[in-house]
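Secondary and tertiary structure notes
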Amino acid sequence: MKEVVVLSGKGGTGKTSIVACFAVLARSKVLVDSDVDAADLYLLLQPEVKEENEFWSGQVAFIDEEKCTECGLCQELCRFEAIQDYTVDPISCEGCGFCYQVCPVNAVTMHSCMAGHWFTSDTRYGTLVHARLGIAEENSGKLVTLVRNKARLIAEKGDLHHIITDGPPGIGCPAIASLSGANLALLVTEPTLSGIHDLERVVSLCRHFGVLPMVCINKYDINEENTHRIENYCYSEGIEIGGKILFDNIITEALAKGLPVVQYSNSKVTQQIEELWQAISTELDKQDK
Amino acid sequence: MVISVASGKGGTGKTLVATSWALALSSNAKVQLLDCDVEEPNAHIFLHLQVDQSQPVSIAVPKVDETKCTYCGKCAEVCVYNAIAVVQTKVLIFAQLCHGCGACSYLCPESAITEESREIGVLERGHCGNVELIQGKLTIGEPMAPPIIREVKKHVDPTRTVIIDVPPGTSCPVVEAVKGTDFCLLVTEPTPFGLNDLSLAVEVVQKLQIPCGVIINRVGVGDDRVERYCVEEKIPVLLKIPLDREIAILYSKGIPLIEGMPQWRDAFLTLLQDIEQIVSASQVVK
């Protein structure tokens, strides 16, 4: 069983639209949406939730004003500026418990937070493990690890060949949690200067964590000069370009209908995404040997 | 006035709006643009930033003096992030898990723990005409963006118009960037993904009790569900930018919209006036 995680650095390059197509094209797989704070894959896969779990993570401090003597020690020590006028701002509180430890009159208590939900669902294309982080919550990395572990169990149990993970943008905590231990990272970029800049950072992230990168250039005809720059960059870095996809509004049209584009049309982009999946599965098979 | 530009979904045009807006406003006044998308900062590409000043951003992590340490385990007990473990006569520190709260050093009964700073990124300042750009950049492999965002926001100059470019998503980095701003401008696109993530972003700003308005980018693609949502939720749509290949090409080359298409300048100037009105009205209500 091999896992491919789809990342991009820059947001909005087409990760989710492409993963939804892989859901159609891959035969034996489990799907994961690890963009837990803005999860969109479900919109294209229309899951039927089979199992719902609460995600409890982290704590938040609470000051009992009846006990508080307003000594101000907690306020002075809190590094997150979460305590003002002897009350805790739950949004700024990082749950470190320092105030709870030091309060001379035990006026501070720590409360566990329900930071979201995660789900195992059936879709037309196979099982999807996904999550919804509570609004403005922390610990997205932990939730990512949780859904990925669940997917791994399902894949092992069902003897499935692939785990396909739709990752978050960026290079921080949830991206790292999505990437570590995967067999391949498909990096979806676009031929814009921002796209190139962000691609270089996410390639470095792959190197840092020892995950093989492969690149897909989406909307490559928007700026062919930049597309050549990306090709040259990948060549010099020894990174395979798994595919290039045309800029075509048909992808958005399909999205508005709630369908992966490969199920919506037989256009050129459909063929290009099929070839991309072929390149990925060939690379993953190679790793088996 | 401090205005954050957020979206929920990535790639909807936050940086396109933030950079052109800052440039448009800078013809009349000094403007600050803070790039708080510290994982992937891009505003500098459009402003051709000349960095005048660069400084490391660090967080405090514990350092144990083993000559004083009695391996009592108090530090590991108080660390909720599991960044310290005491194994017989060894103290292990997992610096990347440390949030720098300072509990371990303060509570160590032997005063054996001091703090040393660990660099997790940089802060860079520079100018592009009347726009002062301050950006944070997270070091590759580091997980925690919020301390860098906090550092960037310390440079807010409240006497000026300040525009904050927010990272995508709805979790802690977004909250850190949006928190304390006077208004949040949400840039979206008329697709199901745009709508889904917009509604999540609206929940974030409502939780933070910050007034908001919407810019719909790439109008012409997708459907009208975003507009219907804004009407239902009584969120003003302040600007629409059409789906236009020319805009996409300018963006791809790193050319600010108002440089390539100066006819957009007025729209961005009006945008600030509209927001000022909304903010003063909401203050009256408060």
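Residues numbered from 1 in each chain as written. Chains lettered and ligands numbered in written order. Predicted model: local features only at pLDDT ≥ 70, side-chain atom pairs only at ≥ 80, totals over all residues. Heavy atoms only, no water.

**Side note on the interface of chain A and chain B**
Quick note on the threshold: Any two residues whose heavy atoms approach within 4.5 Å are treated as being in contact. Once two parts are joined, some of their accessible surface, as seen by a 1.4 Å probe, is lost; buried area is that loss totalled over both. We count a salt bridge whenever a side-chain nitrogen from Lys or Arg sits within 4 Å of a carboxyl oxygen from Asp or Glu. N or O atoms within 3.5 Å of each other form a polar contact, as long as, within protein, one can give a hydrogen and the other can take it, and as long as residues adjacent in sequence are counted only when both atoms are side-chain atoms. Labels follow the DSSP assignment, with helices taken as runs of H or I lasting at least four residues and strands as runs of E lasting at least two, numbered in each case from the N terminus.
Each side of the interface is counted separately: chain A has 59 residues, and chain B has 61 residues. Summed over both sides, the interface of chain A with chain B buries roughly 5000 Å², with 58% coming from carbon and sulfur. Taken as a group, Arg-79, Ile-135 and Arg-201 of chain A account for 13% of the area that chain A buries against chain B, more than any other trio of residues on that side. Counting across the interface, chain A meets chain B through 4 salt bridges. Where chain A meets chain B, there are 34 residue pairs in polar contact (both at pLDDT 80 or more). Broken down by secondary-structure element, the contributors of at least two residues to the side of chain A that touches chain B are helix H1 (15–25), helix H2 (41–45), helix H3 (73–77), helix H4 (98–102), helix H6 (173–179), helix H7 (193–208) and helix H9 (250–256) of chain A. Ranked by the residues each element gives to the side of chain A that touches chain B, the list is headed by H7 of chain A, at 9 residues.

**As for the domain arrangement of chain A**
All names here are of chain A. Just so we agree on the cut-off: Boundary definitions for the domains trace back to an automatic or database domain assignment. Polar here means any residue other than Ala, Val, Leu, Ile, Met, Phe, Trp, Tyr, Cys and Pro, which are nonpolar, and Asp, Glu, Lys and Arg, which are charged; Gly is therefore polar.
Looking at chain A, the domain boundaries give domain 1 (2–46 + 124–288) and domain 2 (57–114). For domain 1 versus domain 2, the distance between C-alpha centres works out to 40 Å. Counting residues at the interface gives 4 residues for domain 1, matched by 6 residues for domain 2. Summing the contributions of domain 1 and of domain 2, the shared interface buries around 350 Å²; its carbon and sulfur component is 34%. Ranking the residues of domain 1 by area buried against domain 2 places Glu-137, Glu-138 and Asn-139 at the top, with a combined share of 77%. Where domain 1 packs against domain 2, one counts 0 salt bridges. For the side of domain 1 that touches domain 2, the residue count by class is no nonpolar, 1 polar and 3 charged.

**Some thoughts on the side chain of His-117 of chain A**
If you trace the backbone, His-117 of chain A turns up in strand S6 (residues 108–123). Ignoring anything within four residues of it in the chain, the contact list for His-117 of chain A reads Glu-52, Asn-53, Glu-54, Phe-55, Ala-131 and Arg-132 of chain A.

**Thoughts on the environment of Asp-248 of chain A**
Residue and element names in this part refer to chain A. Formally: For every residue, the accessible area obtained with a 1.4 Å probe (protein chains only) is divided by the maximum for its type, and the residue is called buried under 20%, exposed over 50%, and partly exposed between those limits.
Its place among the elements puts Asp-248 in the loop between strand S11 (240–245) and H9. Of the residues examined, Asp-248 reaches a relative accessible area of 31% and is grouped as partly exposed. When the C-alpha atoms of Asp-248 and Asn-218 are compared, they prove to be 10.0 Å apart, with 30 residues separating the residues in sequence. Not counting the four nearest positions on each side in its chain, Asp-248 is found in contact with Ser-267 and Val-269. A polar contact is formed between the side chain of Asp-248 and the backbone nitrogen of Ile-250, at a distance of 2.9 Å.

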